Amino acid sequence: MQREEYRILSTTAILGYGFPVSSFEEGMKRNPHLIAVDAGSTDPGPYYLGAGISFTDRSAVKRDLEYMIKAGVERNIPVVIGTAGGSGGKPHLDWNREIIEEIAQENNLKFRLAVINAELPKDMIKSGLKAGKVTPLDPAPELTEELIDETTRIVAQMGIEPFIKAYNGGAQVILAGRAYDPACFSSLAVANGYDMGLATHLGKILECAAICANPGSGSDCMFGYIGEDYFRVEPLSPLRKCTTVSVAAHTLYEKSDPCILPGPGGHLDLTGTEFEQETPEIVRVRGSKFVPSAKNTVKLEGARLVGYRTVSIAGTRDPIMMQKMDDIIKGVKERVEDNFNHSDSGYYLSFVLYGRDGVMGALEPLRNAPKSHEYGIVIEAVAATQELANTICATARSTMLHYGYEGRRATAGNLAFPYSPSDFKAGEVYEFSVYHLLETDDPTAIFPIEYKDL
Amino acid sequence: MKTRLTDIASVIRSKNSGPYELTLDILFNEQADFEKIRQAGYINEELICKLYSVTPDKIVSIVAFPPAKAIKATIKRPLCSGGLGETDVYGAQQHAPLLDLEFEM
């Protein structure tokens, strides 16, 4: 007798982006074996990983989780969250854990919570480095001990194994730190004997929930079914349809190669994948394969503090000034440098011109060929302290405001400021400093699990 | 007569693929148009280099994905996402040079 399909409800593209209650209820009507959500992304940049702060809003995350956990606990369905707090470091995990504990307490829910840590101790990475088990992901630079020391936080992307271990440990709700995006969806299907290739490919689609439908949405649910040699995806809102093109197109999203998708423990091979329109709303997919690699590796992500930022926002509508802009910027930079040449710390000062290469920068094909009648100007200073960044930004701003460029007619001031105050302290600035692979013998050992009966 | 890419492609977009790469997707409406553009090799290294002011060593790959009627080109970002000098952290507004493309069909 053929087994029933394994059913997965994916609630939203990123935990905290929200979903319509009607879609969630449609999903629950289909009796899911698993309710899961991916909470992570490196898209918002290095700041959130480095600073240990979530890029999603606390109340929004709590709202989404409250629906998921109440329904899951009531009907004894596992609830799995991947990459807590967006970046999946220890502070992100603690932040999300506190939200879950609040939900349990406020709703008087009793369940076993598993929390899986993905932030690695620096000594572990250093030992890996010494043993030759760390390799850069092109074009990241080689890792050094110094760089590890300078890095604020390093996380590793877990695969399916830690999730399965937590599930076997009796967890009703699994909160994971940094995880390979599909793993929170695929792991329990694999634990129940379903195919790894199909489960991983379905996980890749479900991690963005309704983004793979037409019209796409980052804040709606999606439902997945895995059978013996296929999987199916179904939108849960009557507004949306999954089409072969919308689902196949999502497979391309944010990936360099649509056919070979590397992950922990191996890669997903989609060269033989077929997409079939089963009903006007549902797409059936076959032929996706998982190919295990000889060595087990996990991807490391780390960010380090570069300094502190202050920005000033202004504009100009003066065509003479716009023509002379390169000279003006050069002149302002020289004045600032001259003013602070005795300062111990270096600084970074830049001028972004919206209306001239502001969006594409070095990639702009119309570089230095402006047609705008006005420029938006963002003056940015980054320095070792917030005070120095404030000083550099303020000096650059006041110098530019009164800079006497050649041919100037408007002597009262060169800049239109939309705000008072004109300068904004943007705080800590981080950059990605680790983007490497770490070889591990045991795919669970580096991801310790803590259980708590709430 | 030349055909504008915006008349035959329903999706033309850019996005980060990890913090070091930028990937460009063109999804065609019709199988026939996809095949023509693909077989003619219009979307090639030379074109991407010209459109994005980059040298060939910055091109990671240019591949077709028939199930989505799509052609995808990936280049190395000038900076790791969010580094000093960044203009587009998500890489989501780097598609515009593709919008003006025209082809002899």
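To be clear, the structure that these remarks concern was listed above.
Residues numbered from 1 in each chain as written. Chains lettered and ligands numbered in written order. Predicted model: local features only at pLDDT ≥ 70, side-chain atom pairs only at ≥ 80, totals over all residues. Heavy atoms only, no water.

Quick notes on the overall build of chain A
Each helix and strand in chain A was counted, giving 13 helices and 19 strands. Taken over 454 residues, chain A has a buried fraction of 56%. Here the analysis covers contacts within chain A between residues at least 6 apart in sequence; of these, 78% occur between residues at least 24 apart. In the form shown here, chain A has an accessible surface area of approximately 18800 Å², with 49% of it arising from carbon and sulfur atoms. Taking the average place of the 45 positive charges on the side chains of chain A and the average place of its 60 negative ones, the gap between the two points comes to 3 Å. (Helix = DSSP H or I, 4+ residues; strand = E, 2+ residues; numbered from the N terminus. Buried < 20%, exposed > 50% of the residue type's maximum accessible area, 1.4 Å probe, protein only. Contact = heavy atoms within 4.5 Å. Areas by Shrake-Rupley, 256 points an atom, 1.4 Å probe, with all protein chains shown as cover. Lys, Arg positive; Asp, Glu negative; His and termini not counted. Charge placed at Lys NZ, Arg CZ, Asp CG, Glu CD.)

Description of the packing of helix H3 (residues 58-75) of chain A against helix H4 (residues 90-106) of chain A
Two quantities define a packed helix pair, namely the angle between the helix axes and the distance between the axes. All names here are of chain A. Taken N-terminus to C-terminus, the directions of H3 and H4 make an angle of 50°; their axes are 10 Å apart at the nearest point. By the angle class used here, H3 and H4 are oblique. Handedness of the H3/H4 crossing: right-handed. Residue-level inspection shows Arg58, Val61, Lys62, Leu65, Glu66 and Ile69 of H3 in contact with H4, the latter providing Trp95, Asn96, Glu98, Ile99, Ile100, Glu102, Ile103 and Glu106. (Axes fitted to C-alpha atoms, helices over the stretch in contact; angles between N-to-C directions. Parallel < 35°, antiparallel > 145°, perpendicular 65-115°, else oblique. Left-handed = near helix turned anticlockwise from the far one by under 90°.)

A word on helix H3 (residues 45-52) of chain B
Residues and elements named next belong to chain B. Of all the residues in H3, the buried ones are Leu47, Ile48, Cys49, Leu51 and Tyr52. Residues of H3 that are buried make contact with strand S3 (21-28), strand S4 (59-65), strand S5 (70-76) and helix H4 (96-99). Sitting at the amino-terminal end of H3 is Asn44, which places a side-chain oxygen 3.3 Å from the backbone nitrogen of Glu46. Taken from the residues just after H3, Ser53 is the one with a positive phi, measuring 50°. (Polar contact = N/O pair within 3.5 Å; in protein donor to acceptor, adjacent residues only side chain to side chain.)

Re the pairing of S4(B)
All names here are of chain B. With six bridges joining them, S4 and S5 adopt antiparallel strand pairing. In the sheet register, Ala64 faces S5, and the bridge partner there is Ile71. A loop of four residues connects S4 with S5, the two strands running antiparallel in sequence, and Lys69 in this loop sits at a positive phi of about 50°. (Pairing = 2+ DSSP bridges.)

Comments concerning the pairing of strand S7 (residues 173-176) of chain A
All names here are of chain A. On S7, burial covers both faces: Val173 and Leu175 on one face and Ile174 and Ala176 on the other are all buried. Bridge analysis of strand S3 (residues 79-82) against S7 gives three bridges, and the strand direction is parallel. Of the residues in S7, the one forming a bridge with Ile81 is Leu175. Inspection of the sheet shows strand S4 (residues 112-116) paired to S7 by four bridges, in the parallel sense. Looking across to S7, one finds that Ala114 is bridged to Ile174.

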